[in-house]
Amino acid sequence: MKKAGILPYTAGIVMAVFFGLSFLVTQQGLAEIPPMVLMSFRFALAAAFMTSLRAFGIIHIDYKNKPVRGVIILSVFYPGISFFFETISLKYVSSSQAGILVSIMPIFVTLFGILILKEKPMGIQVFFIIVSVTGVMVTVVFAKSSGNEGTFFGILLMLISVLGGSINNVLSRKYSTYFSSVEITYTMLCLGAVIFTCISLIQGIFDRQVLEAYLIPFRSGKMMFVVLELSIGTSAVAFFCMNYMLSKLKAVNAAVFINLATVISIAAGVLIVKEHLYWYQAVGGILIVLSVWGTNYFENRVKNLKEKEGA
């Protein structure tokens, strides 16, 4: 495989690692920091980081003669809608369960890819998407009341979050023809900073705890690590990798990397906070990894055959 062909998949793996760990890190932050304040810090610091890179000429942003309205709509769905519901849901479901629910995204992405982008996945890809969904269903259906099940309310919120992220996946690919990965990432971070800072300030004014809430991260090294990891790592770096990947791969291919994040989230829960790994999570994880491999393997195999035939 050529280097240009490896990079999108590498970006997908980096994205999956950060996103897989983000559920656990976010839950650690929510133990002390109000949800919308945590998101405000996350996106404001990430936007400031990207702005500093822009100021020093390391990255270039140019919106001239481009459909800015489209990328703003994209950002409203993700991080706006998606992260709003995801963050709240993490108060009700475990990090492992959150990762499992997020991996349902390929169902929505495949549908939106067909309706919006007019993409037609290959039969073998559909098969592996079904394998992926089966892995998700195994973990959900067999979940017991052992801390991994969560509540109906939390699951509902996470599914709304997944819907918003799915729409973003498809729209990001559509608008990648007009905007660079950096431009889409920058817009998403800035809009996320505005949305969550406004919400947190309004909440703080009503609760009369604006200053107190924003000082929490500065009183603990652990909370500062949470904020920096979510802002620079999960937001700036992972968002860039996600947008780069989406600009190079079909929506149906790119979506399966969300499933890899599921495996990572389960592994993080087991290894870091000692969550119990149930047999159904192991089976579901194996099916998810299989789907990641199968979808992309056969996509590349078909491409290589077509190149040989055209040679």
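As a starting point, this report considers the structure included with it. (Residues numbered from 1 in each chain as written. Predicted model: local features only at pLDDT ≥ 70, side-chain atom pairs only at ≥ 80, totals over all residues. Heavy atoms only, no water.)

### Describing the overall build of the protein
Argument step 1. For the protein, the count of helices and strands is 12 helices and zero strands.
Argument step 2. Listing each helix as α and each strand as β along the protein from the N terminus yields α-α-α-α-α-α-α-α-α-α-α-α.
Argument step 3. Counting only residues that meet the buried cut, the protein has 52% of its 311 residues in that class.
Argument step 4. When contacts within the protein are restricted to residue pairs at least 6 apart in sequence, those whose partners lie at least 24 apart make up 90%.
Argument step 5. If you sum the accessible surface of the protein, you get close to 14,300 Å²; carbon and sulfur atoms cover 70% of it. (Helix = DSSP H or I, 4+ residues; strand = E, 2+ residues; numbered from the N terminus. Buried < 20%, exposed > 50% of the residue type's maximum accessible area, 1.4 Å probe, protein only. Contact = heavy atoms within 4.5 Å. Areas by Shrake-Rupley, 256 points an atom, 1.4 Å probe, with all protein chains shown as cover.)

### Describing a nonpolar patch on the surface
Argument step 1. Taken together, the side chains of Met 137, Val 141, Phe 142, Trp 279 and Val 283 present a nonpolar region at the surface, about 490 Å² in accessible area.
Argument step 2. Secondary-structure elements contributing two or more residues to the nonpolar patch are helix H6 (123-141) and helix H12 (279-310).
Argument step 3. With respect to the element layout, Phe 142 can be found in the loop between H6 and helix H7 (152-175). (Patch = residues over 30% accessible without salt bridge, like charges linked within 9 Å, V, L, I, M, F, W, Y side chains within 5 Å. Salt bridge = Lys/Arg side-chain N within 4 Å of Asp/Glu carboxyl O.)

### Looking at helix H5 (residues 105-116)
Argument step 1. Relative to the 16 Å expected for 12 residues at 1.5 Å per residue, H5 spans 16 Å between its end C-alpha atoms, a close match to the ideal helical length.
Argument step 2. Within H5, burial applies to Met 105, Pro 106, Val 109, Thr 110, Phe 112 and Gly 113.
Argument step 3. At the exit of H5 stands Lys 118, carrying a positive phi of roughly 60 degrees. (Expected span 1.5 Å × (residues − 1).)

### Brief notes about unusual backbone geometry
Argument step 1. Looking along the chain, the bond that leaves Tyr 78 and enters Pro 79 is cis, with omega of 25 degrees.
Argument step 2. Note that Pro 79 resides in helix H3 (residues 68-89).
Argument step 3. We note that Asn 65 has phi near 55 degrees; this positive angle belongs to a residue other than glycine.

### Some thoughts on the side chain of Ser 265
Argument step 1. With respect to the element layout, Ser 265 can be found in helix H11 (residues 251-272).
Argument step 2. Those residues in contact with Ser 265 that lie beyond four places of it in its chain are Gly 20, Phe 23, Ser 95, Ser 96 and Gly 99.

### Considering the packing of aromatic side chains
Argument step 1. Applying the stated rule across the entire model yields 15 aromatic pairs.
Argument step 2. Here the aromatic residues Phe 19, Phe 43, Tyr 78, Phe 83, Phe 196 and Phe 239 are joined through ring pairs into a cluster of three or more. (Phe/Tyr/Trp six-rings, centres within 6.5 Å; stacked < 30°, edge-to-face > 60°.)

### Some thoughts on the pattern of salt bridges
Where side chains of opposite charge bring their charged atoms close, a pairing between them can arise.
Argument step 1. Overall, the coordinates contain one salt bridge when judged by the stated rule.
Argument step 2. Taking the shortest distance from any N to any O, the salt bridge between Lys 66 and Glu 183 comes out at 2.9 Å. Linking Lys 66 in the loop between helix H2 (35-55) and H3 with Glu 183 in helix H8 (residues 181-207), this pair joins segments that are 117 residues apart in sequence.
Argument step 3. Owing to a relative accessible area of 25%, Lys 66 belongs among the partly exposed residues under this scheme.

### Points about the packing of H2 against helix H10 (residues 221-248)
Argument step 1. Between H2 and H10, whose axes approach to 8 Å, the crossing angle comes to 55 degrees. On the basis of the axis angle, H2 is oblique to H10. When you trace H2 past H10, the crossing you get is right-handed. Two secondary-structure elements touch here, H2 through Leu 38, Phe 41, Arg 42, Phe 43, Leu 45, Ala 46, Phe 49 and Met 50 and H10 through Val 226, Val 227, Leu 228, Leu 230, Ser 231, Ile 232, Thr 234, Ser 235, Ala 236 and Phe 239.
Argument step 2. Residues belonging to the contact of H2 with H10 are distributed by class as follows: 14 nonpolar, three polar and one charged. (Axes fitted to C-alpha atoms, helices over the stretch in contact; angles between N-to-C directions. Parallel < 35°, antiparallel > 145°, perpendicular 65-115°, else oblique. Left-handed = near helix turned anticlockwise from the far one by under 90°. Nonpolar A, V, L, I, M, F, W, Y, C, P; charged D, E, K, R; others polar.)

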